[in-house]
Amino acid sequence: MSDAPVIGVLALQGDVREHLIALAAADAVARPVRRPEELDEVDGLVIPGGESTTISKLAVLFGVLEPLRARVRAGLPVYGTCAGLILLADKILDPRSGQETVGGIDMIVRRNAFGRQNESFEAAVDIKGVEGDPVEGVFIRAPWVESVGARAEVLAEHQGHIVAVRQGNALATSFHPELTGDHRVHALFVDMVRAYRTPESL
């Protein structure tokens, strides 16, 4: 067996399949995660796009929200896209009733900040840590980051708004790189997971 990291995709709602494909293309072993025991078996986790309120409520229903919070606090590498970015925020400006977050990134986010579904768009985004040409970002009812704390690093902006952030082992983008066929952002996350695993294997 290769040393490919095992990376889960939180498979409660959203574009799970596309992330599984992108992770596999970036040389990870990708598997869906719905339950706490499945979470225990992964080296990293992707929280996909979808509807952030629905995902948070299903995470509670499936008993996975608290274990996920605990593992993220303990250093589990995690990557959130769109709704996943919202779920990784320590604070949401305009939360819906009953909406909870996993947390992990010291940032304040605004839901649907770039507009509704019919205002979706694509744009080239320069991301710190991703070499080569800009990444084509797909923005679908996308949030943006209003502000970040001292521990969070801004990796990309679009139209003056923060759209990619990293804090330690947590990575988040407002857009959907999994929909483009360009797997460089997923490769960046796979490298983060590998770096996290290395000390344990020495």
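Residues numbered from 1 in each chain as written. Predicted model: local features only at pLDDT ≥ 70, side-chain atom pairs only at ≥ 80, totals over all residues. Heavy atoms only, no water.

- An unreviewed UniProt entry annotates the chain as Pyridoxal 5'-phosphate synthase subunit PdxT of Streptomyces phaeoluteigriseus.
- Comment text from UniProt for the chain, heading Sequence similarities (unreviewed entry), reads "Belongs to the glutaminase PdxT/SNO family."
- Entered under Subunit (unreviewed entry) in the UniProt record, the comment concerning the chain runs "In the presence of PdxS, forms a dodecamer of heterodimers. Only shows activity in the heterodimer." (UniProt positions renumbered as here; feature names shortened; annotations may be inferred.)

## A short note on the side chain of Thr173
Logical step 1: Within the secondary structure, Thr173 is located in strand S12 (residues 170-173).
Logical step 2: By relative accessible area, which is 1% here, Thr173 ends up buried.
Logical step 3: Not counting chain neighbours up to four residues away, the residues in contact with Thr173 comprise Tyr79, Gly80, Thr81, Cys82, Leu85, Val163 and Ala164. (Helix = DSSP H or I, 4+ residues; strand = E, 2+ residues; numbered from the N terminus. Buried < 20%, exposed > 50% of the residue type's maximum accessible area, 1.4 Å probe, protein only. Contact = heavy atoms within 4.5 Å.)

## With respect to the layout of surface pockets
Logical step 1: Size it by volume and the largest pocket reaches roughly 190 Å³.
Logical step 2: Lining of the largest pocket is provided by 16 residues; of these, Gly50, Glu51, Cys82, Ile140 and Arg141 occupy positions nearest its centre.
Logical step 3: Among the residues making up the lining of the largest pocket, the classes are represented as 6 nonpolar, 6 polar and 4 charged. (1 Å grid on protein atoms, 1.4 Å probe; cavity = no way out; pocket = protein on both sides within 12 Å on 5 of 7 lines; lining within 4 Å. Points joined across faces, edges and corners; volume = space filled by probe spheres on them. Nonpolar A, V, L, I, M, F, W, Y, C, P; charged D, E, K, R; others polar.)

## Quick word on the packing of aromatic side chains
Logical step 1: Applying the stated criterion across every chain, the model contains 6 aromatic pairs.
Logical step 2: Measuring from ring centre to ring centre gives 5.8 Å for Tyr79 and Phe189, while their planes differ by 45°; the resulting arrangement is tilted. One end of the pair, Tyr79, is in strand S4 (residues 78-81); the other, Phe189, is in helix H6 (residues 184-201), with 110 residues separating them in the sequence.
Logical step 3: Both rings, one in Phe114 and one in Phe121, keep their centres 5.6 Å apart while their planes meet at 70°; by these two values the pair is edge-to-face.
Logical step 4: On the basis of relative accessibility, which here comes to 24%, the residue Phe121 falls in the partly exposed class. (Phe/Tyr/Trp six-rings, centres within 6.5 Å; stacked < 30°, edge-to-face > 60°.)

## Section: the nonpolar core
Logical step 1: Leu39, Leu45, Ile47, Leu68, Ile105, Met107 and Val109 are the most contacted members of the largest nonpolar core, which totals 33 residues.
Logical step 2: Element by element, the count of residues in this core is highest for helix H5 (residues 83-88), at 5 residues.
Logical step 3: Sequence-distant contacts of Ile105, defined by excluding residues within four places in its chain, comprise Leu88, Ala89, Asp90, Ala152, Val165, Gln167, Ala170, Leu171 and Ala172.
Logical step 4: Core analysis: the second largest hydrophobic core is formed by 31 residues, Ala11, Ala142, Trp144 and Phe189 among them. (Core = buried A, V, L, I, M, F, W, Y, C linked by side-chain atoms within 4.5 Å.)

## Considering the pairing of S12
Logical step 1: Side chains Ala170 and Ala172 of S12 all project onto a buried face; the interleaved residues Leu171 and Thr173 project onto the opposite face, where all are buried too.
Logical step 2: Bridge analysis of S4 against S12 gives 4 bridges, and the strand direction is parallel. Each bridged residue has a counterpart across the sheet, and for Gly80 the counterpart in S12 is Ala172.
Logical step 3: Pairing of strand S11 (residues 161-167) with S12, which is carried by 4 bridges, proceeds in the antiparallel orientation. By the bridge assignment, Val165 is partnered in S12 with Ala172.
Logical step 4: In sequence, S11 turns back onto S12 through a hairpin of 2 residues, with Gly168 there showing a positive phi of about 60°. (Pairing = 2+ DSSP bridges.)

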